[in-house]
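Next come the chains, spelled out residue by residue.
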Amino acid sequence: MQTDVQRLTKAFFFAAQKHTDQRRKGARAEPYLNHPAEVAELLASHGCDIDTVEAGILHDTVEDTDTTPEELASVFRQSTADLVMEVTDNTALPRAERKRMQIETAPHKSDRARNIKMADRTSNLRSIINSPAPHWTTERKIAYFDESRQLVDNCRSANPALAETFDRTYAWGMSILKGPTAP
Ligand code: ZN
């Protein structure tokens, strides 16, 4: 029987190995693992259970690395693999379609999946402000902020406190992107 500490450290080590060669898109090119680490911290600090935090650590392994759902199920649990797949985009679809699907399917997802989505978007908005990708225009950043807001609006009932943290991040980021408003 694994302890909670063993489960979480195993997930962190697995994600660290899988994301080894990846960097975040921002100008500082932070290690990719900074992102799942932030997502996990957001989930844990907003009262989420260990299954949610573990899947939060692993949430980008299938979408962004060579990890398969079968591998996750064999290394972790079937339920862990299922939860990661619930938050994994179908990369066979074109980008615009994928984003629309995320927003439309969110209300039908589990509370755990919706928590991971809210933490993921909160982390991404922070990154867009703190370490933006050099080629992203302000318009593109604002579009991502608004799309994230629509997604979180379909998730917020799963964890109002986490939704509030997203809202604060959104408001802070938008005030920077839009600059001082005229009186
Ligand atoms: Zn992510």
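This one's a predicted model, so the numbers in the text were calculated from it and none came from an experiment.

**Considerations on the overall build of the protein**
- Counting its secondary structure elements, the protein contains 10 helices and zero strands.
- In the protein, the succession of α and β elements from N to C terminus is α-α-α-α-α-α-α-α-α-α.
- Here the protein has a C-alpha radius of gyration of 16 Å; the compact-globule value for 183 residues is 16 Å, and the two agree.
- Reported as C-alpha extents along the three principal axes, the dimensions of the protein are approximately 60 × 35 × 30 Å.
- The distance from the centre of the 24 positive side-chain charges to the centre of the 27 negative ones in the protein is 4 Å.

**Comments concerning the side chain of Lys117**
- Locating Lys117 in the fold gives a position in helix H8 (residues 111–130).
- Of the side chains with opposite charge, Asp89 comes closest to the buried, unpaired Lys117, at an N-O distance of 4.2 Å.
- Ignoring any residue separated from it by four or fewer positions in sequence, one finds Lys117 in contact with Val87, Asp89, Gln102, Leu151 and Cys155.

The rules behind the values
Residues numbered from 1 in each chain as written. Predicted model: local features only at pLDDT ≥ 70, side-chain atom pairs only at ≥ 80, totals over all residues. Heavy atoms only, no water. Helix = DSSP H or I, 4+ residues; strand = E, 2+ residues; numbered from the N terminus. Rg over C-alpha atoms; globule rule 2.2 N^0.38 Å. Lys, Arg positive; Asp, Glu negative; His and termini not counted. Charge placed at Lys NZ, Arg CZ, Asp CG, Glu CD. Buried < 20%, exposed > 50% of the residue type's maximum accessible area, 1.4 Å probe, protein only. Salt bridge = Lys/Arg side-chain N within 4 Å of Asp/Glu carboxyl O. Contact = heavy atoms within 4.5 Å.

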